[in-house]
Amino acid sequence: MNLTLKIWRQNGSQDKGKMVDYQVSDISENMSFLEMMDVLNEQIINEGGEPVAFDHDCREGICGMCSMHINGEPHGPDKGITTCQLHMRSFKDGDTITIEPFRAKAFPVIKDLMVDRSSFERIQQAGGYISVNTSGNTQDANSIPIDKHAADMAMDSATCIGCGACVASCKNASAMLFVGAKVSQYALLPQGQVEAVDRVKNMVAQMDLEGFGNCTNTGACEVECPKGISLENIARLNSEFFKANVKG
Amino acid sequence: MSGFFNSSIGRKYAMALSAFFLMIFIVQHFAINILSVFSPDAFNEISHFMGTNPLVQFGLQPILLFGVVFHFVMGFILEIRNRNARAVKYAQYNGAANSTWMSRNMIWSGGFILIFLVIHFIDFWFPEINTKFIQGDMSGLLADGEGYRYYEELTHKFAPLWRVALYCVGFIFLSLHLLHGFSSAFQSVGANNKYTRGLKGFGKAYAIIIPLGFIFIALFHHFNH
């Protein structure tokens, strides 16, 4: 298939950036979206140009690195997938595809389609963990009985890969689905209770410090999340934060 | 708890709590107004009670005004902050693919409701305050002293078609606002559980029935007087 690509080009974080049009031809519908981008980059390099910078790593929907905003949606038009799992069969011959980086003040553009998502890491570092003594006397986690339903829900929350699609899709650039998932995965388990108060307070404080917007419950994040993280996680974040503030 | 209300989540709670208060008030307002359709006397009696009872006038009314002002001011503040969270806009943003129009445009439906409220206050609230607290007439009686004035004033206001049309548009925006706002308020205070589906259904019914009822009242008085 032959396609017109409108791609955001930005040479570094200080550059203003602009949309640039490219034509690609003979694209197989069996190619992944990233393979199509590889073809484009090869074409650009052969013409003596600067290839389009974009994030990618595992290319099997696990790492959460690929971060493109395609035709107005993070990870493209298909639901429950990352960009690397998007295939060209989702498009038609002659289509124009608009490709932009994830847009948020807390996700500054590094170059072209690559954004700096280290704000997510700083939120995790603020409290997204449990402190475990690893001096050699570590207790076996299975020695603590855990309700199967709670364990399943915690696992569902823990499947968040921190790709940032929630932020990208949210009209407010809110990170509450991500933070909700990271808080929930511990809030649902007994191991997470010891540091529960500090965890949620510190993670929310860091989230606010990073400049993410405020959730208005549109539900866009839930729809666009490649791992199906539900809005229940945001509700749990809200109630955990309230309880933590009541406790002091 | 002061730190709580300075946080993003604390502001969500504050918005939701003021929304709960306003949603309860709307039911009370509707319950009184619908009486005007069935019993002008009952409407007059309750209107006089609400308009002259010190607890309502000097206790509940200031709380209501604070709730209204707070909800609007906080809504606009949050909208500005949220817009600042994305400095560069998308060239293409397909919001319809993942969210409802109502949820994405709460600021617009809220803005139109604010305009409607200003008109509503000019029509009813300011004249009422003028009569009672500036002119000092707390009797609630018509100029000729033949019965209460409330029902007469209501039907008189809905005589012009332009005002009825304006009120209908205002209630449509109220409905659009509530279609997202009702369930959103519960989500904001952390209530998302096995009752959520039922609550969303109830919220949709509330968001349609109450504004539709207000529209009915306006049309009823226009066409019957």
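None of these values were measured; they are calculated from a predicted model. (Residues numbered from 1 in each chain as written. Chains lettered and ligands numbered in written order. Predicted model: local features only at pLDDT ≥ 70, side-chain atom pairs only at ≥ 80, totals over all residues.)

**Quick word on the overall build of chain B**
Counted only if it meets this: The helix and strand labels rest on DSSP assignments: H or I over at least four residues marks a helix, E over at least two residues marks a strand, and numbering proceeds from the N terminus. Contact definition: two residues whose C-beta atoms, as placed from backbone geometry, lie within 7 Å.
Of regular secondary structure, chain B possesses nine helices and zero strands. When the helices and strands of chain B are listed from N to C terminus, the series reads α-α-α-α-α-α-α-α-α. Seen along its three principal axes, the alpha-carbon backbone of chain B occupies a region of about 65 × 40 × 35 Å. The long-range share in chain B, meaning contacts at least 24 apart out of those at least 6 apart in sequence, stands at 79%.

**Remarks on the nonpolar core**
Heads up, the condition is: We define the nonpolar core as any set of buried residues of the types Ala, Val, Leu, Ile, Met, Phe, Trp, Tyr and Cys, connected via C-beta atoms lying within 7 Å of each other. Neighbour density around each residue's C-beta defines its exposure: 20 or more other C-beta atoms within 10 Å make it buried, 12 or fewer make it exposed, and counts between make it partly exposed, where C-beta atoms are placed from the backbone. Here the bounds of each domain stem from an automatic or database domain assignment.
Judged by nonpolar contacts, the single largest core of 71 residues is most densely connected at Ala104(A), Cys166(A), Val167(A), Leu177(A) and Val179(A). Tallying contributions element by element places helix 8 (residues 161-188) of chain B first for this core, with ten residues. Mapped onto the domain boundaries, this core takes at least three residues apiece from domain 1 (3-111) and domain 2 (117-130 + 144-247) of chain A. Contact partners of Ala104(A), with chain neighbours within four places excluded, come to Val167(A), Ala168(A), Ala173(A), Phe212(A), Ala85(B) and Arg86(B). Core analysis: the next-biggest nonpolar cluster, separate from the first, contains 18 residues, Trp8(A), Phe33(A), Met68(A) and Phe91(A) among them.

**What to know about the sheet that holds strand 2 (residues 18-24) of chain A**
Sheet strands associate in pairs through backbone hydrogen bonding, adopting either a parallel or an antiparallel arrangement. Residue and element names in this part refer to chain A. Test applied: For two strands to pair, DSSP has to find at least two bridges joining them. Throughout, an axis means a line fitted to C-alpha atoms (over the contacting stretch in the case of helices), and angles, computed between N-to-C directions, take values from 0 to 180 degrees.
An order of 2-1-5-3-4 is seen for the five strands of this open sheet, with the pairing classed as mixed. The open sheet has two edge strands with one neighbour each: strand 2 and strand 4 (73-74). Two elements, strand 1 (residues 3-9) and strand 2, share seven bridges in a ladder whose sense is antiparallel. Residue Leu3 lies in a different strand from strand 2, and its bridge partner there is Val24. Contacting strand 1 and strand 2, helix 1 (residues 33-46) crosses the sheet at an angle of about 95° to strand 2.

**Some thoughts on the domain arrangement of chain A**
All names here are of chain A. Its domain assignment divides chain A into domain 1 (3-111) and domain 2 (117-130 + 144-247). Computed over C-alpha atoms only, the centres of domain 1 and domain 2 are separated by 28 Å. Tallying the contact residues gives 19 residues for domain 1 and 18 residues for domain 2.

**Concerning the pairing of strand 1 of chain A**
Of the pairings in the sheet, the one linking strand 1 of chain A to strand 5 (residues 96-101) of chain A comprises four bridges and is parallel in character. The partner of Ile7(A) across the bridge, within strand 5 of chain A, is Ile99(A).

**Looking at the packing of helix 2 (residues 8-38) of chain B against helix 4 (residues 54-84) of chain B**
Residues and elements named next belong to chain B. Heads up, the condition is: Throughout this description, any angle smaller than 35 degrees is read as roughly parallel, any larger than 145 degrees as roughly antiparallel, any in the 65 to 115 degree range as roughly perpendicular, and the remainder as oblique. Throughout, a crossing is termed right-handed when the near helix is turned clockwise from the far one, and left-handed when it is turned anticlockwise from it by less than a right angle. Charged residues are taken to be Asp, Glu, Lys and Arg, nonpolar residues to be Ala, Val, Leu, Ile, Met, Phe, Trp, Tyr, Cys and Pro, and polar residues to be all remaining types, Gly included.
Running from N to C, helix 2 and helix 4 cross one another at 140°; their axes reach a closest spacing of 9 Å. It follows that helix 2 is oblique to helix 4 by the angle criterion. Both helix 2 and helix 4 take part in a crossing whose hand is left-handed. Contacts from Arg11, Ala14, Met15, Ser18, Ala19, Phe21, Leu22 and Phe25 in helix 2 reach Leu64, Gly67, Val68, Phe70, His71, Met74, Gly75 and Leu78 in helix 4. Of the residues belonging to the contact of helix 2 with helix 4, the class tally is eleven nonpolar, four polar and one charged.

**Remarks on the interface of chain A and chain B**
At the interface, 37 residues of chain A touch 35 residues of chain B. Among the secondary structure elements, those contributing two or more residues to the side of chain A that touches chain B are strand 5, helix 6 (196-210), helix 7 (220-224) and helix 8 (232-247) of chain A. A class-by-class count of the residues in the side of chain A that touches chain B yields twelve nonpolar, 16 polar and nine charged.

**Topic: the packing of helix 6 of chain A against helix 8 of chain A**
Residues and elements named next belong to chain A. It is at 9 Å that the axes of helix 6 and helix 8 come closest, and there the two elements cross at 115°. By the angle between their axes, helix 6 is roughly perpendicular relative to helix 8. Of the two possible hands of crossing, helix 6 and helix 8 adopt the one that is left-handed. Along the contact surface, helix 6 presents Ala196, Val197, Val200, Lys201 and Val204, while helix 8 presents Glu240, Phe241, Ala244 and Lys247.

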